[in-house]
Amino acid sequence: MLLDWKQALLPYEQAVDELVIKFKGIKREYYTANMISPIEDVTGRVKTVASIIEKANRRNIPLDKALDVLEDIAGIRIICRFVDDIQEVIELIRKRDGKDMEILEEEDYITNTKTSGYRSYHITISYPMFVQGEYKKIKCELQIRTLAMNFWATIEHSLRYKFDRNVPSEIKNRLKVCAEAAYKLDEEMDKIKDELMESQQFMESREQLINKIIHNIHELYNSPNVKNKNEYNYQFINLYQEGNIDKLREFNAELETLLKDIGE
Ligand code: 0O2
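Below is a summary of the structure that appears in this document. (Residues numbered from 1 in each chain as written. Predicted model: local features only at pLDDT ≥ 70, side-chain atom pairs only at ≥ 80, totals over all residues. Heavy atoms only, no water.)

### Things to note about the nonpolar core
Using the following cut-off: Side-chain atoms within 4.5 Å are what join buried Ala, Val, Leu, Ile, Met, Phe, Trp, Tyr and Cys residues into a set we call a nonpolar core. Summary of the burial criterion: residues with accessible area below 20% of their type's maximum are buried, those above 50% are exposed, and those between are partly exposed, where the area comes from a 1.4 Å probe applied to protein chains only. Starting at the N terminus, helices and strands are each numbered in turn, a helix being any DSSP run of H or I of at least four residues and a strand any DSSP run of E of at least two. Here, residues are in contact when the closest pair of their heavy atoms is within 4.5 Å.
By size, the foremost hydrophobic cluster in this structure holds 43 residues, and its most contacted members are F23, I76, I93, I123, I125 and I144. Mapped onto this core, the elements with two or more residues apiece are α1 (5-32), β1 (41-46), α2 (49-58), α3 (63-69), β2 (74-80), α4 (83-96), β4 (121-131) and β5 (134-146). Setting aside chain neighbours within four positions, we find I125 in contact with L19, M101, E102, I103, L104, I138, K139, C140 and L142. Counting residues in hydrophobic clusters, the runner-up holds 13 residues, among them L239, I245, F251 and L255.

### Remarks on the pairing of β4
Just so we agree on the cut-off: Two strands are said to pair when DSSP picks up at least two bridges between them.
Burial of β4 is extensive: 9 of the 11 residues sit out of reach of the surface. In this structure, strand β3 (residues 102-108) lies alongside β4, joined through 6 bridges in antiparallel fashion. Among the inter-strand pairings, E107 is bridged to a residue of β4, identified as H122. Examined bridge by bridge, β4 and β5 share 11 bridges and lie antiparallel to one another. Residue pairing across strands places I123 opposite L142, the latter belonging to β5.

### Digging into the packing of aromatic side chains
As a reminder, the rule being used: Planes of paired rings set the category: under 30 degrees apart is stacked, over 60 is edge-to-face and the rest tilted, where pairs are Phe, Tyr or Trp rings (Trp by its six-membered ring) whose centres lie within 6.5 Å. Whether a charge sits over a ring comes down to the Lys NZ or Arg CZ being within 6 Å of the ring centre and within 35 degrees of the ring normal.
Tallied over the entire structure, the rule returns 3 aromatic pairs. Taking the centre distance of 5.5 Å and the plane angle of 55 degrees together, the rings of F130 and Y135 count as tilted. Of note, K114 hangs over the ring of Y109, and the distance from its end group to the ring centre comes to 4.8 Å.

### Notes on the side chain of Q208
Let me state the cut-off plainly: The definition of a polar contact used here is a pair of N or O atoms within 3.5 Å, where within protein one atom must be able to donate a hydrogen and the other to accept one, and adjacent residues in sequence count solely through side-chain atom pairs.
The residue Q208 is located in helix α7 (residues 193-222) in this model. Note on Q208: relative accessible area 16%, which makes it buried. Here the side chain of Q208 touches Y31 through a polar contact of 2.7 Å, landing on its backbone oxygen.

### Some remarks on the site of the ligand
The condition that has to hold: Here a residue is considered near a molecule or strand provided that any single heavy atom belonging to it is located within 4 Å of it. Points on a 1 Å grid over protein atoms alone make up a cavity when a 1.4 Å probe fits among them but cannot get out, and a pocket when they form an open set with protein on both sides within 12 Å along at least five of seven lines; lining residues each have an atom within 4 Å of a point. Should more than half of a molecule's atoms lie within 2 Å of a pocket's or cavity's grid points, that molecule is taken to sit in it.
Looking at the ligand, there are 20 residues lining it, with K47, R59, K114, S116 and R160 nearest. Measuring from an oxygen atom of the ligand, one finds a side-chain N or O atom of S116 at 2.7 Å. Separating a nitrogen atom of the ligand from a side-chain N or O atom of E156 is a distance of 2.8 Å. Judged by the fraction of its atoms near the pocket grid, the ligand is located in the largest pocket. Where the shell around the ligand is concerned, the elements lending two or more residues are α2, β5 and α5 (147-162). In terms of residue count, α5 provides more of the shell around the ligand than any other element does, 5 residues in total.

Honestly, that's just the spatial picture; any functional story needs more than this.
Pasting the structure below:
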């Protein structure tokens, strides 16, 4: 059977695009609510045709069944900073089960680390799509892992390709040592999580404050009733250079009062 791969993979591409937007949207929701997101980064990919054929052959799946049987043709990777964040992301996904996606399977390779040293949490979902007027459910594999787990998996993956899946045992052993080190890194990071979270919260709220000030100065520039508009800009630059967050907050409060007075 001849497959028009481009046509057949189109719904998978669209599903990946939509899911990346959705998970990035969750990250933005946290940011907007001034909360720290458990999601650090989201990427997506559709398996290459060569990789689909290789996996189908390896698993003795006839090519015309490959798209229905393989669960990771559409793949989303959700990267977290801390191991605890993974659980938060899993809960977020479970909440959507039966709504905009359906959970088919969960595989916990964090508790049950693979012999290779691979750690990650996999959730296979079924995702409804309308493509060219047709309703279709697309299977998609969500891989949730920390930055450290991802670093290890990316390096190991490229070595697997280099050695055509037959990584020499000496390198395999070294990779296991690296997997141990990545595990240790996650453990150590978890221990200083609270301090890191506080500094992140501070950085994010500072950034949001700066954005608000810039927005408010812009609003003042648009108002015909405000004189000496440049004064606010100079004042902002001086306070920014001074770096005192309380003074910046006071300044922003002044701008907001001024804008309110002008609006009345
Ligand atoms: P790619 O290029 O990332 O798409 P398998 O038959 O063992 O290959 P299976 O049964 O489909 O895998 O399911 P599993 O074990 O959940 O693995 C699916 C995907 O998880 C893999 O896809 C990898 O992305 C990742 N993965 C699983 N095990 C390992 C591992 O030991 N090392 C790394 N680096 N990644 C792993 P593909 O098709 O192998 O590769």
